[in-house]
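Descriptive analysis of the structure
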Amino acid sequence: MRLAAPRRSARRAEAISGYLFILPAALILGVFGLLPIVFNLYISLFDWRIRRSAFVGLANYGEIFGGALPFLILALSVALIAAGLALASKNRASLVRTLGLALLLGGAAGLIIDLPRIAALGDADLMRSFRVTVWYSLGTVPIQLLFGFLIAVALDGEFDGKQAFRVIYLLPYIVPAVATAAVFERLFSLRPESWANQVLALFGARPLQWLREYKGVFEMLFGFAPSGAKGSLGEYWSAWAGGPSLSLMSIIIYNYWVYIGYYALIYANALAAVPRELYEAAALDGARPWTRLRRITLPLVSPSTYFLTILGIIGTFKSFNSIYVLRDPATGGVTDPMSVYIFFQFFHGGRFGYASALSLVLLAIVASLTAIQRRSMERRVFFD
Amino acid sequence: MTRRRPARLSAGLVLRYSVLGVGAFACLLPFAYMAANALKTYAETVTRVSPIPFSPEFWPRSPQWSNFAEVWLGDAFGRYFLNSLVISASTLAGTLATSALAAYAFAKLRFPGREAIFSVFLATLMIPETVTLIPNFLVVSYLGWVDRLAGLTVPFMASAFYVFFLRQFFRQVPDSLLESARLEGASDLRVLFSIVAPLSRAPLFTLACLDVAASWNSLQWPLVVVQTPRWRPISVGLARLISEAGPQIQLRMAGALISLLPIVLVYILAQGQIVDSLSSSGIKE
């Protein structure tokens, strides 16, 4: 009993130093990391153009979504899709799965009708930047996974020069993006003497505009062009059919250069953890290399695949530095994902209130993606 | 079996080295382009071109070292370079202090709400910079920190990722070591600096390298809070050179080379640790 008193005071002293130790970091993260979210909510309620002026309530959000109804349909569709996915993936009972599938289809139909409405009534440029972000994710992540995995297979095991290759492969990822983007801005310039056009010339092809080209790559290859009455469903969805612009494609190629080596190192780490006995046992059972790859290697590296996929998608919603350098204003925003579009609304447009509302929309998307990642992190083990 | 093995091995090796060689060539090509064009005359950047580094046309006829002097003095890259050095060093000092203190508390001290506070810390990691930009700009303007060193550094003097990163290593320090030091009357601050930190030299060094690379590369925030050359970092200087300097490719490439050199040096110095910690933890910032 006597010991209890000093022990309690020691415990309190430990708690006090604990709080004091986290105070500096907590103060900075609180003021510059968390407070901004609340502050954004406040700013977004005003017609704030550099200086604060009239309180406008939800008008900024109305401008984004084109009114309350399109927003509600959007929210409902997304909720339906989320619920449908949860039901269809977890439950084995066929009735529930069918219900999940129905919800999923309902949500998708809602989006197909609602997104063109938002583009017509709300912020068409935001919808374009959303489309750019989706193309950017689709264009980068799968290819980076594929080539990252192939290089990781080549990096697996012990051989001479392994560390040198690892250092070279991480180099594009580690050096400042502004400097390397400055190089790609030249490699993919529209001038006939640019590197990309010189490569085309080797094959006898005519030079392209690359970073200056606003046309979609499918449009250039197959002739799909946006068509239909302005503001119609057809016009909106046919804009997707044109594909990512060639300028965005050039930025996607820059991304390959930066990230494939990084993906390879992450995969190589996962491959090194695969127990060799599994391969030997499978070989004894007469499994062909392709079967071994599908049945052993791919499932065992799937946590890395999942991690890189989600991180890659979130990365496209956060990306800024390389696109700021590589974008050509003459293309009219066909290279700008949401983060870059929002930045220019604030930086050049001076529309603080509107850009704040936009940035909260971006935060909602990134937060949902992160929540998906966290939930699956709980189920699988990523870090050894 | 035994006779076939060496032959198959060497075929595998050839395939391995050719795949890795092509990849390494692609990784290094833009650096070669940067170096070659930084040393060309303006006329050569237009007329003396080749897409293949093995061709002499890829390289300048005689290296124009004066391009570097022109960028360093004429475009004030010398000043930007020093600014970036000061900004990186100050940010690093702050980050190291706040992260080590917080990581020690989360790893070794018991206090109510510890796990909850830690998860709030981690939540800040997902927030895109674009989201914090406008409120932080208003706060920094209110504090009078626009165009000041404080405005460029203080918001980055703490990072949840580094706290998370260091906590993993601090946890591995045995409690018995800390207990015996405490019994001799050492305070927690003393335990951190004389026992935990020296044992975690490698992760602290990795953190320092990553933080310097991150500050050196930051662009979005400095674009907003720096309006005059006084504290303009080299990232903004280079971005301006690209958008405003016209067709002088050799100057842009010289500027890019200058801005990337310190990070390449740091990387080569610390390559083993950086490669290992990045490929196992999988996160940069």
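From a predicted model like this one, the values you see are computed outputs, not experimental measurements.

1. Focus: the overall build of chain A
Within chain A, the secondary structure is distributed over 16 helices and 0 strands. C-alpha atoms of chain A, sized along the principal axes, occupy 75 × 65 × 55 Å. Contacts in chain A between residues at least 24 apart in sequence constitute 68% of all its contacts with a sequence separation of at least 6.

2. Digging into the overall build of chain B
Within chain B one finds 15 helices and 0 strands. Against the 2.2 N^0.38 benchmark of 19 Å for 285 residues, chain B shows a C-alpha radius of gyration of 24 Å, more extended than a compact globule. Counting only C-alpha atoms and orienting by the principal axes, one finds that chain B spans roughly 75 × 75 × 35 Å. For chain B, the proportion of its 285 residues judged to be buried stands at 40%. For chain B, long-range pairs separated by at least 24 residues make up 76% of all intrachain contacts whose partners lie at least 6 apart in sequence.

3. Notes on unusual backbone geometry
Glycine aside, negative phi is the norm for most residues, and most peptide bonds take the trans geometry. Residues and elements named next belong to chain A. Of note, Trp-210 is a non-glycine position whose phi angle comes to about 45°, a positive value. Looking at where Trp-210 falls in the secondary structure, it is placed in the loop between α8 (195-202) and α9 (217-222). Judged by the 24 C-beta atoms lying within 10 Å of it, Trp-210 is buried.

4. Here's the deal with the domain arrangement of chain B
Residues and elements named next belong to chain B. Each assigned domain of chain B is listed with its residue range as follows: domain 1 (4-64) and domain 2 (75-281). Taking the mean C-alpha position of each, domain 1 and domain 2 sit 34 Å from one another. On the side of domain 2, 7 residues touch domain 1, which itself brings 9 residues to the contact. The set of elements that each furnish at least two residues to the side of domain 1 that touches domain 2 consists of α1 (4-38) and α2 (42-47). Ranked by residues supplied to the side of domain 1 that touches domain 2, first place goes to α1 with 4 residues. Considering only residue class, the side of domain 1 that touches domain 2 consists of 4 nonpolar, 4 polar and 1 charged.

5. Section: the environment of A:Leu85
Assignment of secondary structure puts A:Leu85 in helix α3 (residues 68-90). With 252 residues separating them along the chain, A:Leu85 and A:Pro337 place their C-alpha atoms 26 Å apart.

6. Observations concerning the interface of chain A and chain B
Counting from both sides, the interface comprises 77 residues of chain A and, opposite them, 73 residues of chain B. By residue number, the principal contributor to the side of chain A that touches chain B is helix α1 (residues 4-43) of chain A, which donates 20 residues. Across the side of chain A that touches chain B, the residue classes break down as 58 nonpolar, 13 polar and 6 charged.

7. Side note on the packing of helix α7 (residues 177-187) of chain A against helix α14 (residues 249-269) of chain B
Interaxial distance between α7(A) and α14(B) falls to 8 Å at its minimum, and their mutual angle equals 155°. One finds that α7(A) runs roughly antiparallel with respect to α14(B). For the crossing formed where α7(A) meets α14(B), the hand is left-handed. Within the contact between the two elements, α7(A) uses A:Val178, A:Ala179, A:Ala182, A:Val183 and A:Arg186 and α14(B) uses B:Ile249, B:Arg252, B:Ala256, B:Ser259 and B:Leu260. By residue class, the composition of the contact of α7(A) with α14(B) is 7 nonpolar, 1 polar and 2 charged.

8. Remarks on the domain arrangement of chain A
How big an interface is tends to be reported as the loss of accessible area on association of its parts. All names here are of chain A. Partitioning chain A into domains gives domain 1 (57-122) and domain 2 (123-174 + 247-384). With centres defined by C-alpha atoms, the gap from domain 1 to domain 2 works out at 26 Å. Residue assignment for the side of domain 1 that touches domain 2 shows that the elements contributing at least two residues are α2 (59-65) and α4 (94-121). Top contributing element to the side of domain 1 that touches domain 2 by residue count: α2, with 4 residues. Residues belonging to the side of domain 1 that touches domain 2 are distributed by class as follows: 5 nonpolar, 2 polar and 1 charged.

9. Re the environment of A:Leu298
All names here are of chain A. Note that Leu-298 resides in helix α13 (residues 289-318). On the neighbour-count criterion, Leu-298 (12 C-beta atoms within 10 Å) is exposed. The sequence separation of Leu-298 and Ser-247 amounts to 51 residues, and the corresponding C-alpha distance is 33 Å.

What counts, and at which threshold
- Residues numbered from 1 in each chain as written.
- Chains lettered and ligands numbered in written order.
- Predicted model: local features only at pLDDT ≥ 70, side-chain atom pairs only at ≥ 80, totals over all residues.
- Helix = DSSP H or I, 4+ residues; strand = E, 2+ residues; numbered from the N terminus.
- Contact = placed C-beta atoms within 7 Å.
- Rg over C-alpha atoms; globule rule 2.2 N^0.38 Å.
- Buried ≥ 20, exposed ≤ 12 C-beta atoms within 10 Å, placed from the backbone.
- Domains from an automatic or database assignment.
- Nonpolar A, V, L, I, M, F, W, Y, C, P; charged D, E, K, R; others polar.
- Axes fitted to C-alpha atoms, helices over the stretch in contact; angles between N-to-C directions.
- Parallel < 35°, antiparallel > 145°, perpendicular 65-115°, else oblique.
- Left-handed = near helix turned anticlockwise from the far one by under 90°.

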